[in-house]
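The lines below spell out each chain.
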Amino acid sequence: MTGISAEQATGNGPVRWWLIAVAALIAIMVLVGGATRLTESGLSIVEWKPITGTLPPLTEAQWAQAFEGYKAIPQYRELNAGMSLAEFKTIFWWEWSHRLLGRVIGVVYLLPFLWFLWRGVLNAELKRRLWLIFGLGALQGAVGWWMVASGLSLRVEVSQYRLATHLVLALVIFAAVVWTLRRMRERPQAVVASRLKVTGVVLLSLTFLQIYFGALVAGLRAGRVYNTWPEIDGALIPSTARLFFEEPWWRNLFDNTLTVQFEHRMTAYALLALALLHAIDAVRSRAGSAVISGAWWLVAAVILQATLGVLTLLNQVPIDLALAHQAVAIVVLTLSILQAERLATRRAKLDQQKLVLPVGQPG
């Protein structure tokens, strides 16, 4: 059967714009999730109702019922006892907005995806990638409730482990969407030294690690202590006895506020140093204008991110600086994805595959 290129027909442009919209919504979702965490709103809805939970309380009786559910958990009893209904509504709306946005992303992803499948405009490779992203999105909904459930019985906040998992999975989905978008564009393969490809992958991996540590900092409220820079706990490098006093030693990496903040700082320094070395190497090896500019944009974003991180710490995590810090983290991640993909080897077979609209389909 003869086919025509989707760019010549109707496929490629709409698919790309759809994925751009999905990526933008995920980025917004991450920021709303950050605001939900910063305002201590994440436990205000104590039930998981994927369908009926779409509607907020509409009557005073429904609001009273929702408030009574919140009063039954430790966070209310130990942190917010005496909270008024009006105050409860404030934190409720943050969490409800976060969950609603998750549902909106699901609809915005699934309905166009089914439409493109029905029209036959997706090649086999793209379909596999998009089904994988859909599966990760479904998993993210379950992980979100798994995270919330950790704070409903024995804790006054969600587990920092589960919070970090929830955030990183959201950004893995975001990265998969951005990578897929880039792979839909046909362009010449960048001819670069192998070490640039390696450092591109390491930069992306280190960015994810830094985001994970940042989530642990948020989960432990570790940004509200040790609010000095460049020293931390009175020294550039805290004593081993302070960093590793819990047993077994590895728990300090996740539970000790000093250790978690210290590893977050050290990873930031390592990320900045590697980004600078990568950019200098790209220039010296004449890697091409796209690779060089991508490397320097990444350096600039990491410097801005580090600056915002220091300001957020010194000011004890005000919500505006904290959200700016999180937003630029998404920018750093995006630029590291683009750079890694720019340097990655493209398989010829995949390059030759195009979105195809079968002859006879309405277009």
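Quick note: structure is the one above.
I will try to describe carefully the structure that is included in this document. Predicted, not measured: the structure shown is a model, and the values here were computed from it.

Thresholds, definitions, all that
- Residues numbered from 1 in each chain as written.
- Predicted model: local features only at pLDDT ≥ 70, side-chain atom pairs only at ≥ 80, totals over all residues.
- Heavy atoms only, no water.
- Helix = DSSP H or I, 4+ residues; strand = E, 2+ residues; numbered from the N terminus.
- Rg over C-alpha atoms; globule rule 2.2 N^0.38 Å.
- Buried < 20%, exposed > 50% of the residue type's maximum accessible area, 1.4 Å probe, protein only.
- Contact = heavy atoms within 4.5 Å.
- Areas by Shrake-Rupley, 256 points an atom, 1.4 Å probe, with all protein chains shown as cover.
- Lys, Arg positive; Asp, Glu negative; His and termini not counted.
- Charge placed at Lys NZ, Arg CZ, Asp CG, Glu CD.
- Axes fitted to C-alpha atoms, helices over the stretch in contact; angles between N-to-C directions.
- Parallel < 35°, antiparallel > 145°, perpendicular 65-115°, else oblique.
- Left-handed = near helix turned anticlockwise from the far one by under 90°.
- Nonpolar A, V, L, I, M, F, W, Y, C, P; charged D, E, K, R; others polar.
- Patch = residues over 30% accessible without salt bridge, like charges linked within 9 Å, V, L, I, M, F, W, Y side chains within 5 Å.
- Salt bridge = Lys/Arg side-chain N within 4 Å of Asp/Glu carboxyl O.
- Core = buried A, V, L, I, M, F, W, Y, C linked by side-chain atoms within 4.5 Å.
- Expected span 1.5 Å × (residues − 1).
- Arc of directions from axis to C-beta.
- Phe/Tyr/Trp six-rings, centres within 6.5 Å; stacked < 30°, edge-to-face > 60°.
- Lys NZ or Arg CZ within 6 Å of the ring centre and 35° of its normal.

## Some details on the overall build of the protein
Counting its secondary structure elements, the protein contains 13 helices and 2 strands. Computed over C-alpha atoms, the radius of gyration of the protein comes to 23 Å, within 12% of the 21 Å expected from 2.2 N^0.38 for 363 residues, which places it in the range of a compact globule. Viewed in the frame of its principal axes, the protein has a C-alpha envelope of about 70 × 55 × 35 Å. Burial status across the protein gives 46% buried among its 363 residues. Within the protein, residue pairs in contact and separated by at least 24 positions form 79% of the contacts whose partners lie at least 6 positions apart. When the accessible surface of the protein is totalled, it reaches about 18,100 Å², and 68% of it is carbon and sulfur. Taking the average place of the 32 positive charges on the side chains of the protein and the average place of its 21 negative ones, the gap between the two points comes to 12 Å.

## Observations concerning the packing of helix H5 (residues 124-149) against helix H6 (residues 160-183)
Across the interface, H5 lies against H6 with an axial gap of 9 Å and an inter-helix angle of 165 degrees. Relative to H6, H5 is oriented roughly antiparallel. In the crossing of H5 with H6, the sense of the turn from one axis to the other is left-handed. Of the residues that constitute the contact of H5 with H6, the class distribution is 16 nonpolar, 6 polar and 3 charged.

## Overview of a nonpolar patch on the surface
A cluster of nonpolar side chains, contributed by Val107, Leu111, Leu114 and Trp131, occupies part of the molecular surface with about 390 Å² of accessible area. When residues in the nonpolar patch are grouped by element, the largest group, 3 residues, is from helix H4 (residues 85-119). Here Trp131 shows up in helix H5.

## Observations regarding the packing of helix H1 (residues 12-38) against helix H12 (residues 319-343)
Interhelical geometry of H1 versus H12 gives an angle of 150 degrees and a closest axis separation of 10 Å. Viewed along their axes, H1 and H12 adopt a mutual orientation that is roughly antiparallel. As H1 runs across H12, the sense of the crossing is right-handed. Of the residues in H12, those in contact with Ala27, Val30, Leu31, Gly34, Ala35 and Leu38 of H1 are Ile319, Ala322, Leu323, Gln326, Ala327 and Ile330.

## A short note on the pattern of salt bridges
For the structure shown, the criterion picks out 15 salt bridges. A salt bridge links Glu47 to Lys49; the nearest nitrogen and oxygen atoms lie 3.3 Å apart. Under the relative-accessibility criterion, Glu47 is labelled partly exposed at 46%. Relative accessible area serves as the criterion here: at 39%, Lys49 is assigned to the partly exposed category. Residue Arg129 is joined to Glu125 by a salt bridge in which the shortest nitrogen-to-oxygen separation is 2.9 Å. With Arg129 and Glu125 both in helix H5, this residue pair falls 4 residues apart, about one helical turn. Each member of the pair Arg129 and Glu125 is classed as buried. Connected through salt bridges with shared partners, the residues Arg37, Glu40, Arg155, Glu157 and Arg221 form a single ionic network.

## Details of the nonpolar core
Of all hydrophobic cores here, the largest spans 50 residues; its most connected members are Val15, Trp18, Leu130 and Phe174. Every element with two or more residues in this core is listed here: H1, H4, H5, H6, helix H7 (194-220) and H12. In terms of residue count, H6 provides more of this core than any other element does, 12 residues in total. If sequence neighbours within four positions are ignored, Trp18 has contacts with Val108, Tyr109, Pro112, Phe113, Phe116 and Leu130. Core analysis: the second largest hydrophobic core is formed by 20 residues, Val291, Val299, Val302 and Val332 among them.

## Considering helix H2 (residues 60-71)
For H2, built from 12 residues, the straight-helix expectation of 16 Å at 1.5 Å per residue is met to within 8% by its first-to-last C-alpha distance of 16 Å. Those residues of H2 not exposed but buried are Trp63, Ala66, Phe67 and Tyr70. Taken around the axis of H2, the buried residues stretch over an arc of 100 degrees, which confines them to a single face. Turned more than 90 degrees away from the buried face of H2, the exposed residues are Ala61 and Gln65. On its buried face, H2 sits against helix H3 (74-79) and H4.

## So, the environment of Trp94
Mapped onto the secondary structure, Trp94 falls in helix H4. Along the primary structure Trp94 and Asn315 are separated by 221 residues, whereas in three dimensions their C-alpha atoms are 23 Å apart. Apart from residues no more than four positions distant in its own chain, Trp94 is found in contact with Val32, Ala35, Thr36, Thr39 and Ser41.

## Structural notes on the packing of aromatic side chains
This model, assessed by the stated rule, comprises 22 aromatic pairs. Among the aromatic residues, ring-to-ring pairing joins Trp63, Phe67, Tyr70, Tyr76, Phe88, Phe92, Trp93 and Trp96 into one connected group. Over the face of the ring belonging to Phe67 we find Lys71, whose NZ or CZ atom lies 4.5 Å from the ring centre.

## Details of the environment of Leu114
Examined against the element boundaries, Leu114 turns out to sit in helix H4. Along the backbone, Leu114 and Val178 are 64 residues apart, and their C-alpha atoms lie at a distance of 20 Å.

## Focus: unusual backbone geometry
The peptide bond linking Trp229 to Pro230 adopts the cis configuration, its omega dihedral lying at 5 degrees. Mapped onto the fold, Pro230 is located in the loop between H7 and helix H8 (240-243). The backbone of Tyr226 shows a phi angle near 55 degrees, a positive value even though the residue is not glycine. Its place among the elements puts Tyr226 in the loop between H7 and H8. Backbone geometry places Val317, a non-glycine residue, at a positive phi of 60 degrees. By relative accessible area, Val317 is classed as buried at 17%.

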